[in-house]
Amino acid sequence: MTMEKLAAHEEPVYFHAHGEDLFGVLTHPSGEALGTAIVLLSGGAFVPSFNRNRTWVKLARKAASLGYHSLRIDYRGVGESSGSVEDFVLGEPFVEDLSGGLAVLGDRGIDNIVLIGSCFGARVCLAAAAQVEQLVGLALVSSPVIDKRIERGAEAPFGIVLQRVRGVHPVRGLLRFDRPHRQRQARHALGALARACVRRGIVARGSSDEWVSTSFLSSLEHLGKKRVPTLLAYGAEDGPFQSFEAARAGRLGKVLERAESAIRIEVVPGQLHAFTSLAAQDTMQVLLVKWLSELASTGASA
């Protein structure tokens, strides 16, 4: 299939949300339609709807070959949407932006929804999931479990503390450093993160739940109870994965156990966060296309 033929199945859409005019691109199935639409949300670091190296465009077109519609959205203040945003707060996701996009799909008679988001987009999807009546699947890629602020032009120190000990389990990994200065560095970084959680009122001091926000827990617990097929995908060297692993010793672990097979966790080598490498982009595409194929084959998207 040529690029021109693929382009003919895509249309720009405009809608109003949060007092702004938002832009999106709707990709239609290239064959028989499943009657299900995927909504793709990028990470919040001011990334337009096509995502890094057009990863969302490629995924939307692959999903079209499986029979899915796809809608990718520019948040307010990003890309072709109006407005201005100086920072993104993970505890304050842009649910209204997503709701506006869902209304566009509803107007076209598409009510079965699959939500896919990365980083900030994952938190938007998670926060909105309870409001989507016909949610048939949810995929969260490199979803942070701690509430933090993502600022324009710079990464907040709170957001990069775990990156300094990339690839190291925040508890067991401390024992694996051969050099004392690396052990001190890891302890300092993890201590700084824990203190920041307490200062910001996200969690109580001294709990294993200090690695996860209450909003993340409650939303994930709702999905488990509703038995919504949910995919949590991380790179083993992702900063968000380190806090996710630490949180599993507390309430998060219990939530995952109760959800049983409804929530699947996929951990791949290297990094997925922000799709900064071609390898990460390719890995993400393969992982999500396989998951979408399984949804279609089991009838979950019907």
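Residues numbered from 1 in each chain as written. Predicted model: local features only at pLDDT ≥ 70, side-chain atom pairs only at ≥ 80, totals over all residues. Heavy atoms only, no water.

Caption draft 1: Fine view of the overall build of the protein chain. Across its full length, the protein chain holds 10 helices and 10 strands. Across the 302 residues of the protein chain, 55% fall into the buried class. Taking as baseline every contact in the protein chain between residues at least 6 positions apart, the subset at least 24 positions apart corresponds to 73%. In the structure as shown, the protein chain presents an accessible area of about 13,300 Å², 50% of it carried by carbon and sulfur atoms. (Helix = DSSP H or I, 4+ residues; strand = E, 2+ residues; numbered from the N terminus. Buried < 20%, exposed > 50% of the residue type's maximum accessible area, 1.4 Å probe, protein only. Contact = heavy atoms within 4.5 Å. Areas by Shrake-Rupley, 256 points an atom, 1.4 Å probe, with all protein chains shown as cover.)

Caption draft 2: Quick peek at the sheet that holds strand E10 (residues 263-268). One open sheet holds the 8 strands; their spatial order is E1-E2-E4-E3-E6-E7-E9-E10, and the pairing between them is mixed. Where the open sheet ends on each side, the last strands, each with one partner, are strand E1 (10-17) and E10. Pairwise comparison of adjacent strand axes, ignoring direction, gives a mean angle of 20 degrees for this sheet. Relative to the sheet, helix H3 (residues 95-107) contacts E1, strand E2 (20-27), strand E3 (36-41), strand E4 (69-73) and strand E6 (112-118), its axis offset from that of E1 by approximately 125 degrees. Along the sheet, helix H10 (residues 278-298) makes contact with E3, E6, strand E7 (135-141), strand E9 (230-235) and E10, crossing E7 at roughly 165 degrees. (Pairing = 2+ DSSP bridges. Axes fitted to C-alpha atoms, helices over the stretch in contact; angles between N-to-C directions.)

Caption draft 3: The arrangement of H10 in detail. With 21 residues, H10 extends 30 Å between its outermost C-alpha atoms, agreeing within 8% with the 30 Å of an ideal straight helix rising 1.5 Å per residue. Every buried residue of H10 is accounted for by Ala280, Gln281, Met284, Gln285, Leu287, Leu288, Trp291, Leu292 and Leu295. Residues of H10 that are buried in the fold lie against E3, helix H2 (55-65), E6, E7, E9 and E10. (Expected span 1.5 Å × (residues − 1).)

Caption draft 4: Expanded view of the packing of aromatic side chains. Applying the stated criterion across every chain, the model contains 11 aromatic pairs. Considering the side-chain rings of Tyr75 and Phe120, the 5.6 Å spacing of their centres and the 80 degrees angle between planes classify their relative orientation as edge-to-face. Of this pair, Tyr75 sits in the loop between E4 and strand E5 (87-89) while Phe120 sits in helix H4 (residues 120-128); the two residues are 45 residues apart in sequence, bridging distant segments of the chain. Of the two residues examined, Tyr75 and Phe120, each falls in the buried class. Here Tyr234 and Phe241 contribute two aromatic rings whose centre-to-centre distance is 5.6 Å and whose plane-to-plane angle is 40 degrees, an arrangement assigned as tilted. (Phe/Tyr/Trp six-rings, centres within 6.5 Å; stacked < 30°, edge-to-face > 60°.)

Caption draft 5: Local environment of the side chain of Ser49. By the element assignment, Ser49 lies in the loop between E3 and H2. Overall, Ser49 belongs to the buried group, its relative accessible area being 3%. Residue contacts for Ser49: discarding those within four places in its chain leaves Ser42, Trp56, Arg72, Ile73 and Asp74.

Caption draft 6: Seen up close, the environment of Arg72. Mapped onto the fold, Arg72 is located in strand E4. Using a relative accessible area of 7% as the deciding quantity, one classes Arg72 as buried. As a C-alpha pair, Arg72 and Val13 span 59 residues in sequence and 9.8 Å in three-dimensional space. The residues touching Arg72, leaving out its near neighbours within four places in the chain, are Glu10, Phe23, Gly24, Val25, Leu40, Ser49, Phe50, Trp56 and Val57.

Caption draft 7: Main features of the confidence of the model for the protein chain. Model confidence for the protein chain is summarised by a mean pLDDT of 82, while 76% of its residues fall at 70 or above. Note on residues 1-8: pLDDT is under 50 here. Beyond four places in sequence and across chains, it has 4 contacts. Contacts of residues 153-178 to residues separated by more than four positions or lying in other chains number 54 contacts, the stretch itself having pLDDT below 50. (pLDDT = per-residue confidence, 0-100.)

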